[in-house]
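Analysis of the macromolecular model
So you can see what is in the structure, the chains are spelled out below.
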Amino acid sequence: YFGHGLNVDLAFFYSSLDQPFYDASTNVPHPSGRTYTQTVNAYRAKNYGAELFVSYDIQNLYLTPYVSVTTMRYEREVTPGNTTKDTGVPKHWGVAGLRFSKEFGGNMRLFSDASVTWSEGHRNIDYATLSSAAGTNIVYSSGFKADLTVGAEYGQDHRLRASLSFKNIGDKPFEPWGYYQPGFHVVGSLSYEF
């Protein structure tokens, strides 16, 4: 739905995979306290869920608040009849933020985007081999991180764009899909569209 400044997008998804790959434990200790992994194939997997995105343009203030929420279930059948829903994928995650965008004279645009990303805690049953039903139950904590991007864009037919992003403000530990995200860091970019 698009109208009167309100934008709503709802999507449903489903997929089924034969012989999907995933990371399985090698049982070799890693300095982090976990084990090294290797990529192996499972028998089958499927995932399904929904994603909702809502934003609202406040034109007189040049602001757009937005929120996106995803709910998903991922089931892995390691061997025929040996299925787990604890696959290292959170069941819920999302992002909420506030964008600013204002044009000056038709050639210059200033923009910013402040957002908070969150992820629900989840578990991963890490099978050592495809034929083994015994595995290690790894728990990933829920978490969130805040980001801020500011920038400017110049030109009409050809655009010069510069931005500066402050990522993970507050230096929060964040591992939404089993991989630790970087702590606080700054990313600068400069691009030219021709």
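Each value, and the rule that gives it
Residues numbered from 1 in each chain as written. Predicted model: local features only at pLDDT ≥ 70, side-chain atom pairs only at ≥ 80, totals over all residues. Heavy atoms only, no water. Helix = DSSP H or I, 4+ residues; strand = E, 2+ residues; numbered from the N terminus. Rg over C-alpha atoms; globule rule 2.2 N^0.38 Å. Buried < 20%, exposed > 50% of the residue type's maximum accessible area, 1.4 Å probe, protein only. Contact = heavy atoms within 4.5 Å. Pairing = 2+ DSSP bridges. Salt bridge = Lys/Arg side-chain N within 4 Å of Asp/Glu carboxyl O. Polar contact = N/O pair within 3.5 Å; in protein donor to acceptor, adjacent residues only side chain to side chain. pLDDT = per-residue confidence, 0-100. Phe/Tyr/Trp six-rings, centres within 6.5 Å; stacked < 30°, edge-to-face > 60°. Lys NZ or Arg CZ within 6 Å of the ring centre and 35° of its normal.

1. Side note on the overall build of the chain
What the chain contains, in helices and strands, is 0 helices and 14 strands. Ordered by position in the sequence, the α and β elements of the chain form the string β-β-β-β-β-β-β-β-β-β-β-β-β-β. Taken over C-alpha atoms, the radius of gyration comes to 21 Å for the chain, far larger than the 16 Å a tight globule of 194 residues would show. When the 194 residues of the chain are sorted by exposure, 30% land in the buried category. If you take every contact in the chain between residues at least 6 apart in sequence, the share linking residues at least 24 apart comes to 56%.

2. Here's the deal with the pairing of strand β5 (residues 44–56)
Taken together, the 13 bridges between strand β2 (residues 6–18) and β5 define a ladder with antiparallel strand orientation. By the bridge assignment, tyrosine 14 is partnered in β5 with tyrosine 48. Between β5 and strand β6 (residues 63–79), which follow one another and run antiparallel, lie 6 residues, and tyrosine 62 among them has a positive phi close to 60°.

3. With respect to unusual backbone geometry
Working note: non-glycine residues mostly have negative phi, and peptide bonds are mostly trans. At asparagine 168, a position not held by glycine, the phi torsion is positive, near 55°. Inspection of the secondary structure assignment puts asparagine 168 in strand β13 (residues 159–169). Residue asparagine 168 is classed as buried on the basis of its relative accessible area of 1%. Phi is positive for aspartate 171, close to 55°, though the residue is something other than glycine. Relative to the assigned elements, aspartate 171 resides in the loop between β13 and β14 (185–193).

4. Description of the pattern of salt bridges
Inspection of the entire model under this criterion finds 8 salt bridges. Glutamate 75 is the partner of lysine 85 in a salt bridge, and the nearest nitrogen-oxygen pair spans 3.8 Å. Within this pair, whereas lysine 85 is found in the loop between β7 (82–84) and β8 (92–104), its partner glutamate 75 is found in strand β6, the two being separated by 10 residues in sequence. Put simply, glutamate 153 and arginine 159 hold a salt bridge, and the shortest N to O gap is 3.3 Å. With a relative accessible area of 10%, glutamate 153 lands in the buried category. On the accessibility criterion, arginine 159 (34% relative accessible area) is partly exposed. A single network of salt bridges, built from pairs that share partners, joins Arg109, Glu153, Arg159 and Arg161.

5. Side note on the side chain of threonine 64
One can find threonine 64 in strand β6. In contact with threonine 64, other than residues within four places in its own chain, are Ser55, Tyr56, Asp57, Gly97, Leu98 and Arg99.

6. Focus on the side chain of aspartate 147
Among the structural elements, aspartate 147 can be located in strand β12 (residues 143–154). In terms of polar contacts, aspartate 147 uses its side chain to reach the side chain of lysine 145, at 2.7 Å. Leave out the neighbours within four places in its chain, and aspartate 147 touches Asp113, Ala114, Ser115, Thr117, Phe166, Lys167, Asn168 and Ile169.

7. Examining the confidence of the model for the chain
Within the chain, residue pLDDT values average 87, and 90% of them lie at 70 or more. pLDDT under 50 marks residues 128–135. Its contacts with residues more than four places away, or in other chains, come to 19 contacts.

8. Re the packing of aromatic side chains
Geometrically, a pair of aromatic rings is defined through the distance of the ring centres and the angle of the planes. Scanning the entire structure with this criterion turns up 3 aromatic pairs. Relative to phenylalanine 194, the ring of tyrosine 192 has its centre 6.1 Å away and its plane inclined at 20°; by these criteria the two rings are stacked. We classify tyrosine 192 as partly exposed; its relative accessible area is 47%. Positioned above the aromatic ring of tyrosine 22 is the side chain of arginine 76, whose terminal nitrogen or guanidinium carbon lies 4.2 Å from the ring centre. Stacked on the ring of tyrosine 66, the Lys or Arg arginine 99 has its end atom at 4.0 Å from the ring centre.

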